[in-house]
Every structure is written in structure tokens, then in C-alpha cells.
Amino acid sequence: MRIARFSIDGNVAFGAVEGDKPDELVLDIIKGIPFAEHELSGTKVPLSKVRLLPPVLPNKVVAFGRNYAEHARELGNEVPDAPFAFFKPSTSVIGSGDAIQYPSFSADLHHEAELAVVIGRMCREVPRERVQDVIFGYTCANDVTARDVQKREKQWARAKGFDTSCPLGPWVETGLDLATASDLAVQLTVNGEQRQLGRTSEMIHSIEDLIVNITEAMTLLPGDVVLTGTPAGVGPLTVGDEVAVTIEGIGTLTNKVVKRG
């Protein structure tokens, strides 16, 4: 099931996305919230009539860097022996169709297409064999990065945590198991030109590795998001660019870069 979060007539709701053709998609409004008991209402609205919001509002976004060997090498970095985690604040999250605001303190903004794992239940110290049980679903992400600031400051809080630096969407796909999610095509285009193309099977540390690693240290809550790293091909964004992340079996997340006002 594809579950979207959206607004219509000033109201915010979740809905199950139905249909196959982009111009014929409809939302069956969900009674309740997806992380608890819920049911479909049978009330349907065309996707074209609503505004898509970030599919979840995470308490925290845990991201993992340098998890694709080719990407680590393209930036001149060593491939880490263990998962390398950092955080993006909840205020960095935006949805599909929202604008990425070019930060005033950077002159080198980069795109990074990623598979995002959405957590479905409170969990801590998750054993490898239980990882599937704590995953709600998957969505597309763009770990937008102020590359010059990242290099200059070493610590990544500002470079990767600024407002609008974490587009997520367009919805959460709940129908993928771990085996399928571990071998999906990840593509990113800028103004229709392909920049990144890889597969999640190229990850150095698997989805299971990442969930086990982070839950050894902290509790994850329903709606929290884990970013799994980006394949090679990262590059610059400029004001006016339209950047799209497409992940096989999930959908396409599209955002435009604007000048920060």
C-alpha cells in the first residue's frame, strides 16, 4: 500500500494511493493514523486536488554517510568500516513539490538521492532477525548538502541540517519486504538529465546493519526516518533547478530549488 499525507481545504489527513496512471491517482482517506489501528473510509479524492505533505513528521532523521563505496571515493573519502551516522532535524523535512531553499551561507549545494526507511513502532536494541518487524515502509529522500560548508566545518550539522534540506516523499510504500528493498534502482535527475543511478544492493552496510547499529544507541519512534546513503554521481544544484529522485517500486520525489527569501 502507498500511504500519503496530504492537505485539502485546510485539513490534513492520510490516504491510501490507488491507481496506476499518474493522472488518475486517487486517495482513499484513512480513518485514524497509519501507525495505529486504522481503516479506509471509502471517501476518495483525486490526488490532483490535494497538496502532498511530507509523508511522515519524524521525531528525528538518522542518516548514514559514505554507505556506497563509489560515492565515498568520488569525494576522496575512505570507506568506513562501520556505519557512519549523523542527524537531520525535523525542521529540515519537506514534501514532494515543496521548494528547496538555497542556503545563504553556501555556494555549493549538492543533491544526494537516497532510500529512506520509515519506522513503524517504538524500538530499541533491535536484533537483526526482527528488523523487518519495526519497518513501516519506504520512501524517497534527497539528502541535500551544502558541500562547501561540510568540507569547511567538518561537523555536518549546518551543512546537512538546514531548513528544507530533507525532502521526503511522495508517499510511503508499505508493500516492500527487506529482500526487495535491498535491491532497488535509485535514480536522480536535474532538469530531466540523469545525474545519479545506482542500486540499493551496492550499500556497504545493509538496511539491517543500519537499524541494528542505531538502535544499539537510541530508541526509534513511529515515523522516524533512517536515510541509507547515496550512490555515486552527487553534484551541484542551482536556483531554478528541478531535482527528481525516483526509486523503483516506490515513486518519484520532485522539488525545485529557489533562492532563500
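Look up: the structure comes first, before these words.
Since the structure is predicted, the reported quantities are computational estimates derived from the model, not experimental observations.

Engineer: Quick one: what's the story with the environment of Leu 220, residue by residue and with numbers?
Structural biologist: Mapped onto the elements, Leu 220 comes out in the loop between helix H6 (207-215) and strand S17 (225-227). Note on Leu 220: relative accessible area 0%, which makes it buried. Considered as a pair, Leu 220 and Ile 119 are 101 residues apart in the sequence and their alpha carbons are 7.2 Å apart. Apart from residues lying up to four places away in sequence, Leu 220 is in contact with Lys 60, Val 62, Ile 119, Arg 121, Met 122, Cys 123, Ile 214, Thr 215 and Val 226.

Engineer: So what about the sheet that holds strand S18 (residues 235-237)? Which residues, and what values?
Structural biologist: Read from one edge to the other, the open sheet built from 3 strands follows the order S13-S10-S18, with strand pairing classed as antiparallel. If you trace the sheet from one side to the other, it starts and ends with strand S13 (145-146) and S18, each paired once. Pairing of strand S10 (residues 109-111) with S13, which is carried by 2 bridges, proceeds in the antiparallel orientation. Note on S13: the bridge partner recorded for His 110 is Thr 145.

Engineer: I'd love a proper account of the sheet that holds strand S16 (residues 193-199), names of residues and values included.
Structural biologist: As a general point, the strands of a sheet are linked pairwise by backbone hydrogen bonds and lie either parallel or antiparallel. Taken in spatial order, the 5 strands line up as S9-S20-S19-S15-S16 in an open sheet, and their pairing is mixed. Here the strands that pair on one side only, and so sit at the sheet edges, are strand S9 (99-102) and S16. The sheet shows a mean angle of 20° between the axes of neighbouring strands, taken without regard to direction. Summarising the sheet, strand S15 (residues 185-190) and S16 pair through 6 bridges and their orientation is antiparallel. Bridging across to S16, Gln 187 finds its partner in Leu 197.

Thresholds, definitions, all that
Each chain has its residues counted from 1, following the order in which its sequence is written. With the structure being a predicted model, the display of local features is reserved for residues of pLDDT at least 70 and the display and counting of side-chain atom pairs for 80 or more, all residues being used for whole-chain, interface and lining totals. Side-chain numbers here rest on the full set of heavy atoms in the structure, without hydrogens or water. Secondary structure elements are taken from DSSP: a helix is a run of H or I of four residues or more, a strand is a run of E of two residues or more, and numbering for both begins at the N terminus. Categorising residues by exposure relies on relative accessible area from a 1.4 Å probe, with only protein chains included: less than 20% of the type maximum marks a residue as buried, more than 50% marks it as exposed, and the intermediate range marks it as partly exposed. Any pair of residues with heavy atoms lying within 4.5 Å of one another is described as a contacting pair. Two strands are counted as paired when DSSP detects at least two bridges linking them. Lines fitted to C-alpha atoms define the axes, with helix axes restricted to the stretch in contact, and inter-axis angles between N-to-C directions lie between 0 and 180 degrees.

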